[in-house]
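Each chain is listed here by its residues.
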Amino acid sequence: MTRLSSASPAAGVMTSRLARWWPAAAIFGVALALRLYRLGSTPLWLDEIYTIQLARMGPWAIWRNLSYDPHPALFYLSEWLISGFGAAQPAWVWRMIPMLCGVLIAPLVYWAARPLSGPAGALVGGLVMALSPISMYFSQEARSATLALLLSGLCLTLALALIRRPRADIWAAYGIVSFLGLATSYLFVIVPGAQLLMLIALRSTRRAALWCSAALAIAGIPLLLIGRGVLAAVASEHAVQSPPSMPDFLMALVGGDSVRYGQTWAHGALLGAILLLAAAGVWAGRSGPRQAAMLLCLVQFALPLLGFFGVGVPLLGLRLPLSESKTFMPLLPALLVLVAMGAAWLLGARPLGAALLVGLVLLIVAGSAYNLGRYWETSKSPESDLVLAMARQSEPGDVVISLYPSLNGAMSIYAPAMDTYTMVTGSSDARMLSRSLLILRIPELAAQPEASVDAAMSPGTRIWLLYNARWPLPPPLDTIAATCTQRTEFMRPPFHAILVTDCP
């Protein structure tokens, strides 16, 4: 009896720990399994190849890139380090950081929501993040979107902790994470910007929030000044587009990239179900001890959207293509904490509320699964698909003339040993060609003419012409292709490959 009684408290502690940790572990497992699936099997696409080429050139090129790329340096430097200073070859190595960030954000949403919703509601919020199509898409791309997403989740978790316990160490951590977010994405400013406004409004955090805002401004303004020119250039490029639609952006935010993979029934279903749960979360936190936390999440999610679509678009003429819906990904953690609070509230409103919650969760799971299926069925890189297909049919001695930047990048990854010529940067005339496969925007690394088209197309050589079918072949390649013997051709829309021989 003595042994049993002495063992019981230990068993109780173990059971309590399991009850506390198993939901987060389950969410982590789901997110990890989904993001590991086919991580390295899908070909790299243009933006990922840009990351790889830049990281392989090292810190100096990454620094110079700040003047020409609307993305700060932190992610590129991280890729340079994790790839063994650019030496890595497999695609999965370059996608490792985005994958890990996409995995970790799901249990982080659970821990952020748990004090507000309890374990059951937090489990729903974390599961929605684990299944999130847009998080999944960018978890398998060598780009910075999920790093910004994870940092936004950390900021939110720390801001919620500050509402409960405004301690100096938490403020320090919050400032550091916010700065890292700005060093990952200039537009990350929407995260601490909205949160600090709310923390300034609260009496218990007002003074420290003002000091944190000042410190973050001093540290972050140099970053924003560095990126000001390139951001203005990007905004100018986008200015000719039609005004963006908030519903379309919201559907892409919860349902995934609708430009690349198409808009489906799941986009509307996911948006409706998630917003309904979030609205229930706002209602649940309208009063009582959770009100400040609910307002923080609501302000974090709604203020940037209202500012952009309510002020920036109609009054300032700001434009953003739907393909850039990932810009608002850092708002997802706040939205899903509200979802967790709403799920807990519905679960407590038995039996109708619980039944509604089950139906909404099943709808979210079905919609996420459908859009993830489309993601796994659709190639994100027709340029690499075309180059791989061409390489399989090539023979020693073949010459490639690549006439589009993304095809140049794919050649640099999947057929670097082939004798390749490319268009001269900034020229529409193919009479003079370059040997450079770089797609970087840094002018001093731009391709320069190295050979005439006649030198590239020596008699008896098999010539592969790779181009974008949206535009005709430039002169003189159009005439040459018409007079040569065409052996084979194939497409990976919009890209086209033609093999010609016996050129005069």
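Before reading on, note that the structure itself is shown above.
A few points on the structure. (Residues numbered from 1 in each chain as written. Predicted model: local features only at pLDDT ≥ 70, side-chain atom pairs only at ≥ 80, totals over all residues. Heavy atoms only, no water.)

### Here we look at the nonpolar core
So, step 1. Of all hydrophobic cores here, the largest spans 141 residues; its most connected members are Tyr174, Phe328, Met390, Met411 and Leu466.
So, step 2. Filtering out sequence-adjacent residues up to four positions away, Met411 remains in contact with Val387, Met390, Val400, Pro416, Met418, Thr420, Leu437 and Leu466.
So, step 3. Residues Ala430, Ala451, Met457 and Val500 belong to the second largest nonpolar core, which totals 22 residues. (Core = buried A, V, L, I, M, F, W, Y, C linked by side-chain atoms within 4.5 Å. Buried < 20%, exposed > 50% of the residue type's maximum accessible area, 1.4 Å probe, protein only. Contact = heavy atoms within 4.5 Å.)

### Points about the sheet that holds strand E7 (residues 495-501)
Whenever strands of a sheet pair, they do so through backbone hydrogen bonds, lying parallel or antiparallel.
So, step 1. Pairing is mixed across the open sheet formed by 7 strands, whose spatial order is E4-E3-E2-E1-E5-E7-E6. Each edge of the open sheet carries a strand with a single partner, namely strand E4 (451-452) and strand E6 (485-492).
So, step 2. Where E6 and E7 come together, 7 bridges link them in antiparallel fashion. Looking across to E7, one finds that Glu489 is bridged to Ile498.
So, step 3. Running at roughly 145° to E6, helix H17 (residues 382-393) makes contact with strand E1 (399-402), strand E5 (463-468), E6 and E7 of the sheet.
So, step 4. The sheet strands contacting helix H18 (residues 405-414) are E1, strand E2 (419-423), E5 and E7, and the helix crosses E5 at an angle near 130°. (Pairing = 2+ DSSP bridges. Helix = DSSP H or I, 4+ residues; strand = E, 2+ residues; numbered from the N terminus. Axes fitted to C-alpha atoms, helices over the stretch in contact; angles between N-to-C directions.)

### Remarks on helix H15 (residues 332-348)
So, step 1. With 17 residues, H15 ought to run about 24 Å at 1.5 Å a step, and its terminal C-alpha atoms sit 24 Å apart, in line with that.
So, step 2. Where burial is concerned, most of H15 is hidden: 13 out of the 17 residues are buried. (Expected span 1.5 Å × (residues − 1).)

### Observations concerning a nonpolar patch on the surface
So, step 1. Together, Val311, Leu315, Leu316 and Leu318 make up an exposed nonpolar region whose accessible area comes to about 390 Å².
So, step 2. The residue Leu316 is located in helix H14 (residues 291-316) in this model.
So, step 3. Assessed through its relative accessible area of 61%, Leu316 is described here as exposed. (Patch = residues over 30% accessible without salt bridge, like charges linked within 9 Å, V, L, I, M, F, W, Y side chains within 5 Å. Areas by Shrake-Rupley, 256 points an atom, 1.4 Å probe, with all protein chains shown as cover. Salt bridge = Lys/Arg side-chain N within 4 Å of Asp/Glu carboxyl O.)

### Digging into H17
Since one α-helical turn is 3.6 residues long, residues separated by three or four positions face the same way.
So, step 1. When the terminal C-alpha atoms of H17 are compared, their 17 Å separation across 12 residues agrees well with the 16 Å that a helix rising 1.5 Å per residue should span.
So, step 2. The complete set of buried residues in H17 reads Pro382, Glu383, Ser384, Asp385, Leu386, Val387, Ala389 and Met390.
So, step 3. Structurally, H17 contributes buried residues whose contacts are with helix H2 (46-57), E1, H18, E5, E6 and E7.

### What about the environment of Tyr68?
So, step 1. Among the secondary structure elements, Tyr68 is positioned in the loop between helix H3 (59-65) and helix H4 (74-82).
So, step 2. Assessed through its relative accessible area of 27%, Tyr68 is described here as partly exposed.
So, step 3. Residues Tyr68 and Gly227, spaced 159 residues apart in sequence, show a C-alpha to C-alpha distance of 8.5 Å.
So, step 4. Leaving out residues up to four positions away in the same chain, Tyr68 has contacts with Val230, Arg441, Ile442 and Pro443.

### Digging into the pattern of salt bridges
So, step 1. Per the counting criterion, the structure on display carries 11 salt bridges.
So, step 2. One salt bridge in this structure joins Arg64 and Glu444, with 2.7 Å as the shortest N-O distance. In this pair, Arg64 is assigned in helix H3 and Glu444 in the loop between strand E3 (432-434) and E4, connecting sequence segments 380 residues apart.
So, step 3. When the shortest N-O distance is used, the salt bridge between Glu324 and Lys326 registers 3.2 Å.
So, step 4. When its relative accessible area of 22% is taken as the criterion, Lys326 is described as partly exposed.
So, step 5. One connected set of salt bridges, linked through shared partners, spans Glu141, Arg260 and Lys380.

### Comments concerning the environment of Ile442
So, step 1. By the secondary structure assignment, Ile442 is in the loop between E3 and E4.
So, step 2. Put simply, Ile442 and Val387 are 55 residues apart on the chain and 25 Å apart in space, counted from C-alpha to C-alpha.
So, step 3. With residues up to four places along the chain from it excluded, the contact list for Ile442 reads Leu54, Ala61, Arg64, Asn65 and Tyr68.

### What to know about the packing of aromatic side chains
Aromatic ring pairs are reported here in terms of the distance separating the ring centres and the angle at which the planes meet.
So, step 1. If you walk through the whole model with that rule in mind, you get 18 aromatic pairs.
So, step 2. Ring plane angle 90° and centroid distance 4.9 Å describe the contact between Tyr37 and Trp376, whose orientation is recorded as edge-to-face. Taken together, the positions of Tyr37 in the loop between helix H1 (2-36) and H2 and Trp376 in helix H16 (residues 352-377) put the pair 339 residues apart, joining distant regions of the chain.
So, step 3. With a centroid separation of 6.0 Å and 20° between ring planes, the pair formed by Tyr404 and Trp471 is classed as stacked. Residue Tyr404 is found in the loop between E1 and H18, and its partner Trp471 is found in the loop between E5 and helix H20 (477-483); the two are separated by 67 residues along the sequence.
So, step 4. For Trp471, a relative accessible area of 48% corresponds to the partly exposed category.
So, step 5. Against the face of Trp45 rests Arg260, its NZ or CZ located 4.2 Å from the ring centre. (Phe/Tyr/Trp six-rings, centres within 6.5 Å; stacked < 30°, edge-to-face > 60°. Lys NZ or Arg CZ within 6 Å of the ring centre and 35° of its normal.)

### Comments concerning the state of the cysteines
So, step 1. Going through the model one piece at a time under the given rule, you end up with 1 disulfide.
So, step 2. Cys101 carries a free sulfur, and the closest cysteine sulfur to it, the one in Cys155, is 13 Å from it.
So, step 3. The class of Cys101 is buried, set by a relative accessible area of 5%.
So, step 4. The thiol of Cys297 is not disulfide-bonded; the next cysteine sulfur, from Cys155, is found 13 Å away. (Disulfide = S-S within 2.5 Å.)

### Some details on unusual backbone geometry
So, step 1. In this model, Arg350 is joined to Pro351 through a cis peptide bond whose omega is 0°.
So, step 2. On the secondary structure map, Pro351 appears in the loop between H15 and H16.
So, step 3. Cis geometry marks the peptide bond from Pro475 to Pro476; its omega dihedral reads 0°.
So, step 4. Its place among the elements puts Pro476 in the loop between E5 and H20.
So, step 5. Positive phi outside glycine occurs at Phe85, with the angle close to 60°.
So, step 6. Secondary-structure assignment places Phe85 in the loop between H4 and helix H5 (91-94).
So, step 7. Judged by relative accessible area, which is 54%, Phe85 ranks as exposed.

### So, the pairing of E5
So, step 1. Burial analysis of E5 places 6 of its 6 residues in the buried class, the great majority of the element.
So, step 2. Of the two faces of E5, the one carrying Ile463, Leu465 and Tyr467 and the one carrying Trp464, Leu466 and Asn468 are both buried.
So, step 3. Pairing of E1 with E5, which is carried by 4 bridges, proceeds in the parallel orientation. When the sheet's bridge partners are listed, Ser402 is paired in E5 with Leu466.

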